[in-house]
Structures are given as C-alpha cells and as structure tokens.
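# Summary of structural features
One-letter residues, chain by chain:
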Amino acid sequence: MRELARAAPSSFLVVVPATPPREHLWTEGEARATGHSRSDAALARFAELEAEVEGEVGDENPMLAIGDALRDHGPFDEIVISTLPKGLSKWLKVDLPRRAEGRSGSGSRTWSRSRRDRRPDAAPPSADVPARRREPRRARLSLPPERGSSVDIPQERKVVTEIPGPRSREWFERRATAVPQGVFNTHPIVTARASGAIIEDVDGNRLIDFATGISVLNVGHTSPAVVAAAQRQLELDTHTCFHVTANEPYIELAERLNALAPGDAPKKTMFANSGAEAVENAVKIARKATGRQAIVTFDHAFHGRTLLAMSLTAKVMPYKQGMGPFAPEIYRLPFAYPYRWPGGAERCAEEALDYAREEIHKHIGEENVAAVILEPIQGEGGFIVPAEGFVKGLAEFCAEHRIVFIADEVQSGMGRAGRWFAIEDDGVVPDLITSAKSLGGGLPISAVTGRADVMDSVHVGGLGGTYGGNPVAAAAALAVLDQIEKEGLLERSRTLGEKITGRLREMQDRHKAIGDVRGRGMMNAIELVTDRGTKEPLDGQSGNAIVKRCLEEGVVILKAGTFDNVIRLLPPLTIDETLLEDGLSILDEAIGAGTG
Ligand SMILES: Cc1ncc(COP(=O)(O)O)c(C=O)c1O
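Residues numbered from 1 in each chain as written. Predicted model: local features only at pLDDT ≥ 70, side-chain atom pairs only at ≥ 80, totals over all residues.

## So, the overall build of the protein
Stated precisely, the cut-off is as follows: Going along the chain from the N terminus, every DSSP run of H or I of four or more residues is numbered as a helix, and every run of E of two or more is numbered as a strand. Burial is judged by counting other C-beta atoms within 10 Å of a residue's own C-beta: 20 or more means buried, 12 or fewer means exposed, and anything between counts as partly exposed, with every C-beta placed from the backbone. Any pair of residues counts as being in contact when their C-beta atoms, constructed from backbone geometry, are within 7 Å of one another.
Assigned secondary structure in the protein consists of 20 helices and 21 strands. Buried positions account for 46% of the 596 residues belonging to the protein. Here the contacts in the protein between residues at least 6 apart in sequence split such that 70% fall between residues at least 24 apart.

## Comments concerning the environment of I364
As for its placement among the helices and strands, I364 is situated in helix α14 (residues 345-364). Once the C-alpha coordinates of I364 and I330 are considered, the two residues, 34 residues apart in sequence, prove to be 9.8 Å apart. Not counting chain neighbours up to four residues away, the residues in contact with I364 comprise A294, Y331 and V369.

## Some words on the sheet that holds strand β21 (residues 566-569)
Put simply, the rule is: Two strands pair if DSSP finds at least two bridges between them. Geometry is summarised by axes, namely lines fitted to C-alpha atoms with helices restricted to the contacting stretch, and by angles between N-to-C directions that run from 0 to 180 degrees.
Here four strands make up an open sheet; going across it, the order is β17-β18-β21-β20 and the pairing antiparallel. Unpaired on one side and paired on the other, β17 (514-520) and β20 (558-560) mark the two borders of the sheet. The sheet shows a mean angle of 30° between the axes of neighbouring strands, direction not considered. As paired elements, β17 and strand β18 (residues 523-528) share six bridges and run antiparallel to each other. Pairing of G519 across the sheet is with N524, part of β18.

## What about the confidence of the model for the protein?
Applicable threshold: How sure the predictor is of each residue is captured by pLDDT, a score from 0 to 100.
A residue-level look at the protein finds 75% of positions with pLDDT of 70 or above and a mean pLDDT of 84. This model gives residues 17-24 a pLDDT under 50, and the stretch forms 16 contacts once residues within four places in sequence are excluded. Considering only residues more than four positions removed or in separate chains, one finds that residues 26-38, a stretch of pLDDT under 50, has 29 contacts.

## A word on the site of the ligand
Let me state the cut-off plainly: The C-beta atom of each residue is placed using the backbone, and any residue whose C-beta lies within 6 Å of a molecule or strand is treated as near it. Side-chain classes are defined by residue name, with Ala, Val, Leu, Ile, Met, Phe, Trp, Tyr, Cys and Pro counting as nonpolar, Asp, Glu, Lys and Arg as charged, and the others, Gly among them, as polar.
In the vicinity of the ligand there are 15 residues, among which G275, A276, G304, V410 and Q411 approach most closely. Examining the composition of the shell around the ligand, we find that three residues originate from one element, helix α12 (residues 275-290), more than from any other. For the shell around the ligand, the class distribution of residues is six nonpolar, six polar and three charged.

## Looking at the nonpolar core
The nonpolar side chains of a soluble globular protein tend to be buried with one another. Put simply, the rule reads: Here a nonpolar core is just a set of buried residues of the types Ala, Val, Leu, Ile, Met, Phe, Trp, Tyr and Cys, joined wherever their C-beta atoms sit within 7 Å. Source of the domain bounds: an automatic or database domain assignment.
In terms of nonpolar packing, the biggest core is built from 136 residues, with A286, A371, V372, V404, I406, A476 and V555 touching the most fellow members. Considering each element in turn, this core owes the most residues, ten residues, to helix α17 (residues 471-486). Each of domain 2 (166-209 + 490-595) and domain 3 (254-466) contributes no fewer than three residues to this core.

## Examining the environment of P334
Positionally, P334 belongs in the loop between β12 (330-333) and α14. Dropping the residues within four chain positions of it, P334 is found in contact with D299, A352 and Y355.

## Regarding the sheet that holds strand β7 (residues 191-195)
Across the sheet, which stays open at both edges, the four strands sit in the order β7-β8-β9-β19 with mixed pairing between neighbours. Among the strands making up the open sheet, the edge pair consists of β7 and β19 (555-556). Sheet topology places β7 next to strand β8 (residues 198-201); four bridges connect them, and they run antiparallel. The partner of S195 across the bridge, within β8, is I198.

## A short note on unusual backbone geometry
Excluding glycine, residues mostly carry a negative phi; peptide bonds, for their part, are mostly trans. Cis geometry is found at the peptide bond from I163 to P164, where omega equals 5°. Its place among the elements puts P164 in the loop between α7 (145-148) and α8 (166-178). Put simply, M317 and P318 share a cis peptide bond, and its omega is 15°. Relative to the assigned elements, P318 resides in the loop between α13 (307-312) and β12.

## So, α12
We count it as follows: One less than the residue count of a helix, multiplied by 1.5 Å, gives the span that helix is expected to have.
Between its first and last C-alpha, α12 extends 23 Å over 16 residues, near the 22 Å set by a 1.5 Å rise per residue. Among the 16 residues that make up α12, 13 are buried, leaving the element largely enclosed by the rest of the structure. Count one or two residues on from α12 and you reach G291, which has phi positive near 70°.

## Description of the environment of A560
Tracing the backbone through its elements, the reader meets A560 in strand β20. Sequence-wise, A560 and G382 are 178 residues apart; in three dimensions their C-alpha atoms are separated by 4.9 Å. If we ignore the near neighbours within four places in the chain, the residues touching A560 are G379, E380, G382, F383, A525, V566 and R568.

## Quick word on the packing of helix α19 (residues 540-552) against helix α20 (residues 577-595)
Quick note on the threshold: Roughly parallel covers angles under 35 degrees, roughly antiparallel covers those over 145, roughly perpendicular covers 65 to 115, and oblique covers all other angles. Crossing handedness: left-handed means the near helix sits turned counterclockwise from the far one by under a right angle, and right-handed means the same turn made clockwise.
It is the contact of α19 with α20, at a shortest axis distance of 9 Å, that shows an interaxial angle of 140°. By the angle class used here, α19 and α20 are oblique. The handedness of the crossing between α19 and α20 comes out as right-handed. Contacts between α19 and α20 pair S542, A545, I546, R549 and C550 from the former with I586, L587, A590, I591, A593, G594 and T595 from the latter. Partitioned by chemical class, the residues of the contact of α19 with α20 number eight nonpolar, three polar and one charged.

## A few points about the pairing of β8
Relative to strand β9 (residues 206-209), β8 is paired through three bridges, and the arrangement is antiparallel. Opposite I199, over in β9, you have L207 as the bridge partner. Following β8, the chain reverses through four residues before pairing antiparallel with β9; G204 in that reversal takes a positive phi of roughly 90°.

## Focus on α17
Under the 1.5 Å per step criterion, the end-to-end length of α17 is 22 Å for 16 residues, consistent within 8% with the ideal 22 Å. For α17, the tally of buried residues reaches twelve of 16 residues, placing the bulk of the element in the interior. Of the residues making up α17, those classed as buried are P471, V472, A473, A474, A475, A476, A477, A479, V480, L481, Q483 and I484. Looking at the buried residues of α17, the elements they touch are α10 (224-236), α11 (248-260), β10 (267-272) and α18 (489-510).

## Considering the packing of α14 against helix α15 (residues 390-400)
Put simply, α14 and α15 touch, their axes get as near as 9 Å, and they point 25° apart. In terms of orientation, α14 lies roughly parallel with respect to α15. Crossing hand, α14 versus α15: right-handed. For the pair α14 and α15, the contacting residues are A349, A352, L353, A356 and R357 in the first and F390, G393, L394 and F397 in the second. Looking at the contact of α14 with α15 residue by residue, the class counts come to seven nonpolar, one polar and one charged.

This is how it looks when you write it as structure tokens:
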C-alpha cells in the first residue's frame, strides 16, 4: 500500500479510527504536505491496516482504491482522501454516510460514519428512503485536526528565554514590514497557543494572562466546551448569512440573551461582529425608535473605532487624532468619576447628574435626544466605577423624557463585573444593551439586546450584515453562556474579585504610587499617581516600565485610562487562585521596582 501511496504523491489519505488511539493516520504525501509528522502509534496502526488491505487494491486511482479497501476494515469514523490542488495544503472533505461514497469536484472522496450511526441507540436507516434524503450531503473545508483542537497547557508561569525571545523578535521584524504601525501591539511577543489563563509564546515561554485579549476570554483560552461547540458547528454549517437562510444558534442565542438581560418586558436581540458595530446598531435603533438625532456620551468613554463609535469615544490620541470630521449630533458630558471629581467623591453623583440634566436641557433639548449611551463601568477610560446613584439618576431622566438609555456592556458584561451585565448592580433596566468581547469566548460576535418595541421600530431590512450572528460564533457563545452558568462564574467573579481588591489595597498600603484601587467583580484596576495629594497622574513611560517588567517575568498586563496611568486586571474568571496570586506578586514587585 505504501508503494501505491508513493505512486500518487499529490494525494493524501487520512484515517480516523473509531476506537482509541484516535490518532489520524497520514500517508507520506500527507505528512509532507501539511508539515505533520506521524507518531509511532499511528505508524504502527497504519502498518496493521496495510496488512489488512493487502491485495484488495484494484487498479483505479490508487489512493481511492486504498480508501475503498480500508472502508471494509473499520471501524473508522472517517476516511479522507484528497488531491492537493496545485500544491495547496488545503483539504476538501465531503462527508457521506458510511456505506455511500461520493466524489468532489477536486477529486476528493470521504467515507464517514454519520452522526446518527455513531450513536449507540441510533435507529437503522429505513431501506425505502433514498440515502441522499436520509443523510444530507455535507461538504466542508477543514484544517488538520491538531490545529483546531483545544490545547491543555500546564497552568503555570514558565520563563525559558528573555522576553521577547528570539522567535518573537524575528516575527516582529517581519511584522514591521508587513503590518502598518497604526495597528498597535502592546506586547512584542507572538502567541503560539493558549489555554485557560496561560499564553505560550513562540519561544516556549508560558505567561499568565491578565489581559485575556482585552476582556474576551472570561471563560479562559480555548475553553474545551467552547472549542468543541465551534468545531461541531464548523462541521455542520459555517455560513449561509442569516438574511439568506436563518440558523439555529442565532435564534437560540437571541433567546438566551433576551432572558438574561435585565427587565421583565419582552426583549429581542440582533447580532453583529464587533463591539463598535453593536454600538452603531444601537444608535441606529434608538434614532428610529425616537425619531430624534442627538446622542449623549461621556468623558473617558470608549465605544469603538468605526466612524460613529469613534465619534462617541472621548480620547483623541490615539483613537481620533487626524481622523475627523466626526459624526454630527454627538454631545459629551462629564462622567461621575469619583476619584477625580472636583467637588469630591461624596458629591460626585449628585453634581454630575445636575450638570447632565441642565446641560441637556439648555444646550441640546430633551426632545432632541435619541439616546444616552454609557458604560456602566468604563473600560478603556480606566475602569471607572461611576459614583453610586449616577447611572440610576440618568436612567430615570431618560425614562422621563423618552430618551433611549443604552448600556454599553461590551467590556463589563458576561460576568466580568460579577453579573451577566454590570448595570444590574445599579438597579437599572436599560432600553438597549450592547455586548461583545467575552460573549463569543474568542470568536467574533456582538449583540444588541433590548426592549422588543424599541428593537422592532426599525423597518424590515434596516438592520444586519453579512456575517452578523455567524453560526460558528453563535454556537461558541452558547457554550460560553453554558459554562458561565455551570461553573458558577458570576459568583466566582464576585468572590475572587473581592480577594483581588483586598490584595490591591494591601499593595496600596506599601506603594505610594497607587492613588486609587477600584473595580467590581473581576474588573479591577489601580490608578497610579506621582503624588496622592495632588493626584498628578504617573507618566505613561513609568507605567509602561511596570508593564514591561511584568512581561519579562511572564505576566501579560494592560494599561488603560485617559491619562494612561491605570493598570487594569482582566484575568479569566476561571483562573486558578495560585496562578492569580503568582501574577499579582509579580505586579507587586514590578510596581515596587518601577515607582520606588
Ligand atoms: C465599552 C466598549 N465598547 C465598544 C468597544 C469596541 O469593541 P470592538 O473593539 O470589538 O469594536 C470596546 C472595546 O474595547 C469597549 O470596551
């Protein structure tokens, strides 16, 4: 058989036994084509199979003949034979019921046991139903399995080279010529793989991840349940576009979010791909629902990088500099930032609210305001928890004047702040909520969830997009919601968050540079200052030195804040406590070293 495999060097064969070891058995050509090596166990099994099918191979395309022969020597879950089109290492894989076979346009053939066949209690297919109708033909492009499966990296910090190591540096040289500088990198390292709370870089260093892709991995990197759900969906349907034919995960995820969002009124959800898109859609919906144009946003706010979202965002550099003109009818008000409120934290909520009401009345006109958009806990602005009463007061003002109140929970949602949505702690039911980031557990998906009457104010065809609610991302999101529920991650976010706050306060006692410790759930931050009395922000370079030192010791950390002086912590909600403490100790040392 090996002779025959050699006779067709551009083809490859993969056999997936139904029983362990479930290693994929590769022919020589396949191993070369995809860069995979074969394990001894796989080779041994392959040799057994060779013996079994010896003499059964006919004289048609040898690889197809091998597949034919192997089929009868199962049990196998899959046999894939593919011709590499013009040397591209891409598989075209066509699944058919075990007894049937088919040929793809590019000369591939697969024999695969159907899902139904794999279930022990599966009913035998009825003989009078044509095979095509019983088991619909499915076609898919797939990557070699190793690349798609979840990895399990030991949950410990391990520094084996200087960081960045030589391979990361090599990649960054290539990156400098291939990728524009405007697309920033906080850390000059390249990820090879990630699991739980650990990122392994291309040099083999294992880093504790306190950044989680900017709050995207609340359930941890490559969470097995999320990976499995995405893989399952990849095999069923990757995309038909919801506007062409709907898909089950989209509808189910909408139902789940409608049930999770605060408030008893009927709700509806639409999906998009990024946080910025969710924000854009929320504004469109609010304008249609009210027939008004003005949007009120806040100081220190971040809502994304598309034109409207960028216009809603506060900080000029780096987000907006030189990129105007900005979208019109956007009005910015002070946010109730207790640490820096001129009149003091105690008067912050009341004064900020008075100012907002008066400003809207005098300079915009309540009847012209379509929406007030606010992050219940500001993210990029520096993890600012607004003074108690501010959010509730604003929501009441909005209700009184029929203004749509939008809670942007892109960063604070999905358990990060200890609840599904941070605004729950304010006792407020927003009209619309935007979510993204941790919703997809690493796959791009965002949502606008809101009161059904508001959501339905947009005419048919007024909302959507090609990829919005992609079934793979939606299936992953359903697994994220399940995991948060099953593992009690909301509760864990609150209890572990308290421990983190306690630890940060204890650091504050020792490091004068820590002016403020704040946060809720596991959305925690410290604000660095040169002087606690004047609250002069610590300069960006000194903060960067702390972040760099953490990285060199194997901890990935992010800054935030209008003044670039906030260190924020976004570990997975699933992080092991020992690992968390290890990372915090590194941060503690780095602050000591960086600020004296
Ligand atoms: C509160 C908030 N809204 C919107 C966005 C934009 O999300 P995206 O980067 O997915 O467009 C972000 C991103 O950090 C965010 O924190």
